[in-house]
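# What the coordinates show
Listed below are the residues making up each chain.
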Amino acid sequence: MDDIILKKKRVESMPNSNNFQEFSKEFLNFWNQPLQKNLRFIFNVSFSVIKNLLFIFLCGCILLGIFGMGIGLGYFASLTANEKPLSQEEMADAITNLNLVSSFYYQDGEKISDVTSDEVRLVTTLDKISPYVKDGIVATEDSYFYQHNGIVPKALVRALLQEAVSSNSGVSGGSTLTQQLIKQQILTSEVTFKRKANEILYALRLEKYFSKDQILEAYLNVSPFGRNHNGLNISGIEEAAQGVFGVSAKDLTLPQAAYLVGMPQNPITYTPYTNYATLKEDISAGLSRMKTVLFSMYREKKITKQQYDEALAYDITQDFLEPEEISTQRQSYLYQAVNREATKILMKKMAEKDRLTYEQLKKDTELFNRYYDRA
């Protein structure tokens, strides 16, 4: 009896099949009315048209991309077709070819004086450079330095797009540290697509031949760092450290390193000294650049929040060397006499190399002046 009652309840709880059929019939009648049919037809046609348009648009974008890439590669090839690739030895010579200051000495080795020059440089090795400098330059100038193979395609595309919508002529931006080294040591600073194409080609080749540490070391020895406390142009991180703060590059503090790291991009603007060996009245540009470097280091997790805050609060101006004019020793009779004789010796060696004699040079004023300027 209990089983019969349970089955009866289950039957009573099931939906009425007649009601369901009536609902389905009413719904079909509503769905098939002329208005609904027209709406369905319009929707189906619209959907089909939109779908086809999207498909055509997508295919067009793909074709344009392939076409544009083909044009770009062809243009790149045409720009670099006549460029003779440098060998590993030639590239090594190029990136290590640095202008250094010569010095005069007595026969016993005592120094007389450095030769007059408006650019001074000291070369150092990477292991003698503060980690703050290495981390700072990578974080600020090329955060993907240890990942890329010489170029960052995304940055190049962004730079080209900016160039396309910009009213200024020339190509700029998108440069890695490798590309910057190429521009400084192998190519010129000419702002053209041809130079940029060759820069990319050489950057890829340089990364193939040299390690990241070798490239970074060369960059830090090559780059300009404004002026020192004597008012002279300085190049290389070691000369910058000694000429601005009076310390070696390996002993730079975080604020000092951040200040110097920010300078290569615009050394004349960011340097604290003038060419008259005086402190600038306004060094706000250099200080602002220093803050940018510190933030980049913090963003890339090269320094902690505490280090960042402490460096920001530090008064870097107290570390600047006092301006000092160059010694007048270079104007002495001894300096002038040695300089004159050294120049004469160099002229003779240059002439001999060109199968000429010093007497032949003296007979031709124009030829003499040319060799004199070179010496």
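See the structure printed just above.
The rules we used
- Once a new chain begins, its residue numbering starts again from 1 and follows that chain's sequence as written.
- Totals for whole chains, interfaces and linings use every residue, but because this is a predicted model, local features are given only for residues with pLDDT of at least 70 and side-chain atom pairs only at 80 or more, for both listing and counting.
- Excluded from the side-chain calculation are hydrogens and water; included are all heavy atoms of the structure.
- By the convention used here, strands pair only if DSSP detects at least 2 bridges between them.
- Strands here are runs of E lasting at least two residues and helices are runs of H or I lasting at least four, both read from the DSSP assignment and numbered beginning at the N terminus.
- Only C-alpha atoms enter the line fits that serve as axes; for helices the fit covers just the stretch in contact. Angles between N-to-C directions range over 0 to 180 degrees.
- We call two N or O atoms a polar contact when they sit within 3.5 Å, provided that within protein one can donate a hydrogen and the other can accept it, with sequence-adjacent residues counted only if both atoms are side-chain atoms.
- The definition of a nonpolar core used throughout is a set of buried Ala, Val, Leu, Ile, Met, Phe, Trp, Tyr and Cys residues joined through side-chain atoms within 4.5 Å.
- In this scheme, a residue with accessible area under 20% of its type's maximum is buried, one over 50% is exposed, and one in between is partly exposed, where area comes from a 1.4 Å probe on protein chains only.
- Any two residues whose heavy atoms approach within 4.5 Å at even a single point are treated as in contact.
- Here the angle decides the label: under 35 degrees means roughly parallel, over 145 means roughly antiparallel, 65 to 115 means roughly perpendicular, and every other value means oblique.
- In this scheme, a crossing is called left-handed if the near helix is turned counterclockwise away from the far one by less than a right angle; it is called right-handed if the turn is clockwise.

The subject of this paragraph is the sheet that holds strand S4 (residues 224-227). Here three strands make up an open sheet; going across it, the order is S3-S5-S4 and the pairing mixed. Edge strands, defined here as strands with exactly one partner in the open sheet, are strand S3 (119-121) and S4. Strand-to-strand twist in this sheet, taken as the mean axis angle between neighbours without regard to direction, amounts to 25 degrees.

Moving on, we come to the side chain of Gln 179. Along the chain, the position of Gln 179 falls in helix H7 (residues 177-185). A polar side-chain atom of Gln 179 sits 2.8 Å from a polar atom in the side chain of Glu 199.

With 53 residues, the main nonpolar core has Leu 220, Ile 237 and Leu 260 as its most contacted residues. Leaving out residues up to four positions away in the same chain, Leu 220 has contacts with Leu 126, Ile 129, Val 133, Lys 134, Ile 137, Phe 225, Gly 236 and Ile 237. Ranked by size, the runner-up nonpolar core spans seven residues in total, among them Met 347, Met 350, Tyr 358 and Leu 361.

Right, let's talk about the packing of H7 against helix H9 (residues 212-222) for a bit. Where H7 contacts H9, the two axes come as close as 10 Å, and the packing angle between them is 50 degrees. With respect to H9, the axis of H7 lies oblique. The handedness of the crossing between H7 and H9 is left-handed. Each of Leu 177, Thr 178, Gln 180, Leu 181, Gln 184 and Gln 185 in H7 lies in contact with H9, whose residues at this interface are Ile 215, Leu 216, Ala 218, Tyr 219 and Val 222.

With that settled, consider the pairing of strand S2 (residues 111-114). The sheet contact formed by strand S1 (residues 103-105) and S2 spans three bridges and is antiparallel. What sits directly across from Tyr 105, in S2, is Lys 111. The hairpin formed by S1 and S2 contains five residues between the paired strands, and Gly 109 there has a positive phi angle of roughly 95 degrees.

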